[in-house]
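Here is how the chains run, residue by residue.
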Amino acid sequence: MTTPEKSARRVLGACAALIVGALTLTACGGGANAATGDDEGGTSAPRTSTAKIAISAADGSTGASINSTGVRVSGGTLTDVKMTVAETGQAVDGALSADGGSWKPKDRLERGTKYRISATAKDSGGRTSAANSVFTTVSSANSFIGTYTPDNGTTVGVGMPVSFTFDKAITDTKAVQSHIEVTSSSGQQVVGHWFGAQRLDFRPDHYWKAGSKVTMNIDLDGVQGANGVFGVQKKTVTFTIGRSQVSTVDVDTQTMTVVRDGRTLKTVPISSGSPEHTTYNGQMVISEKFTETRMDGSTVGYGGEYDISDVPHAMRLTNSGTFVHGNYWYNKSAPPFGQTGTSHGCVGLQDVQGAQGDTSAKWFFDNSLIGDVVVVRNSPDKTVAPDNGLNGWNMPWDEWTAGSAV
């Protein structure tokens, strides 16, 4: 028996079924877009931005590059990038590319430092996206750098090698050397040579051609030089070879003849090392110049034999303390220049205290470049070691190339 209450429930159920059917028909028929509410059929517009931001250092990562860290976007343009030192909040300056597709810091990052990056972008429809990352750059303990000479943009003499000194011992010398390329506009073949595990020099067979341009492409970022130790440098360095100047010291005659581009400029009297403290023979490269400098014998094994605070016009030839320099403390009644050797192994020229005046030492100083060659002959001493200063020219070419790792 059907009661009024049951009859009402059946009517409501039928109505509900009709409503569901109507909804189902509407959805299948495509008369309105469920995502956009459009009355016409067609492809639904995306609700999220198509701009995809990629931060090179993943969030939470360690060992991030100090050179290549940055932000890129695909499917849109960057609208804002902020980078800070996480600990202090100090802003890191950066530059957005002209097309808005990338951003990178203006300067190299610090090693072992935590940074924070937040970036936003827009796609062509104006929809925004965002990304963030907090990361730490590679630590000093897990990275190595190479201090190199000569510097970018300098002009040097024909004897100047490219020399790297690494702050960690390198065990994979092949990997490191293969990521440093040294080329010359002269077309000279340039080969590297390892002096132990922390020094790598490059030079051609003979002196560089005067006027040539030398380029160093350093691509060590991420290169493993030893177990768990990675490079962090990535840069290009160029320098120019100046005129050719080679000065020859003859200990027999106590003179130095300065030859530039094949022409003798001057022969000047000198005083080489004494019989007790002879001067090295060989080809030596000027590696530093000082208008005045202190020379303390105790720093090179001579105890308290001398300590002169203001040696004028000093030019370093070896790491062990050989210089060409001015001498104002000589015996004025019997000047040694051109006569006899009186130094502790240096090549002395007549000078005055204060590095002033028209003297032989000042003339040579003013006419010399870092990288010029000074050759010493006829000394009773041995030939200078190739790694004592920048003096690899004293090694035969076959021995030099044998020391290459590539």
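Predicted, not measured: the structure shown is a model, and the values here were computed from it.

### Structural notes on the pattern of salt bridges
No. 1: This model, assessed by the stated rule, comprises ten salt bridges.
No. 2: With its nearest N and O atoms 2.8 Å apart, the salt bridge here joins Lys234 to Asp219. With Lys234 in strand 18 (residues 234-241) and Asp219 in strand 15 (residues 213-219), this pair connects stretches of sequence that are 15 residues apart.
No. 3: Across the pair Asp366 and Lys362 runs a salt bridge, and its minimum N-O distance is 2.7 Å.

### Side note on unusual backbone geometry
No. 1: At the junction of Thr149 and Pro150, the peptide bond is cis and its omega measures out at 5° in the coordinates.
No. 2: Relative to the helices and strands, Pro150 resides in the loop between strand 9 (146-149) and strand 10 (155-156).
No. 3: Of note in the backbone geometry, Gln254 takes a positive phi value of approximately 55° without being a glycine.
No. 4: Relative to the helices and strands, Gln254 resides in the loop between strand 19 (245-250) and strand 20 (255-260).
No. 5: If you check the backbone angles, Asn378 has positive phi at about 65° while not being a glycine.
No. 6: Within the fold, Asn378 resides in the loop between strand 27 (373-377) and helix 4 (397-402).

### Describing the environment of Gly357
No. 1: Take Gly357: it is sitting in the loop between strand 26 (347-350) and helix 3 (360-366).
No. 2: Not counting the four nearest positions on each side in its chain, Gly357 is found in contact with Val352 and Lys362.

### Concerning the packing of aromatic side chains
No. 1: All told, the structure shown has eleven aromatic pairs when counted by the stated rule.
No. 2: Looking at Arg203, its charged tip hangs above the ring of Trp400, at a distance of 4.5 Å from the centre.
No. 3: Between Lys332 and the ring centre of Tyr330, over which it is positioned, the NZ or CZ distance is 4.3 Å.

### A word on the pairing of strand 27
No. 1: For strand 27, the tally of buried residues reaches four of five residues, placing the bulk of the element in the interior.
No. 2: By the bridge criterion, five bridges tie strand 19 to strand 27 in an arrangement that is parallel. When the bridges of strand 27 are listed, Val246 appears paired with Val373.
No. 3: Bridging between strand 22 (residues 282-285) and strand 27 involves four bridges; their strand directions are antiparallel. Among the inter-strand pairings, Gly282 is bridged to a residue of strand 27, identified as Val376.

### Section: the sheet that holds strand 17 (residues 229-231)
No. 1: Ordered by their spatial adjacency, three strands build an open sheet running 8-17-16, and the pairing between neighbours is mixed. Looking at which strands have only one partner, the edges of the open sheet turn out to be strand 8 (143-144) and strand 16 (224-226).
No. 2: When strand 8 meets strand 17, the two strands line up parallel, connected through two bridges. Considered in strand 17, the bridge of Ser143 is made with Phe230.

Thresholds applied
Residues numbered from 1 in each chain as written. Predicted model: local features only at pLDDT ≥ 70, side-chain atom pairs only at ≥ 80, totals over all residues. Heavy atoms only, no water. Salt bridge = Lys/Arg side-chain N within 4 Å of Asp/Glu carboxyl O. Helix = DSSP H or I, 4+ residues; strand = E, 2+ residues; numbered from the N terminus. Contact = heavy atoms within 4.5 Å. Phe/Tyr/Trp six-rings, centres within 6.5 Å; stacked < 30°, edge-to-face > 60°. Lys NZ or Arg CZ within 6 Å of the ring centre and 35° of its normal. Buried < 20%, exposed > 50% of the residue type's maximum accessible area, 1.4 Å probe, protein only. Pairing = 2+ DSSP bridges.

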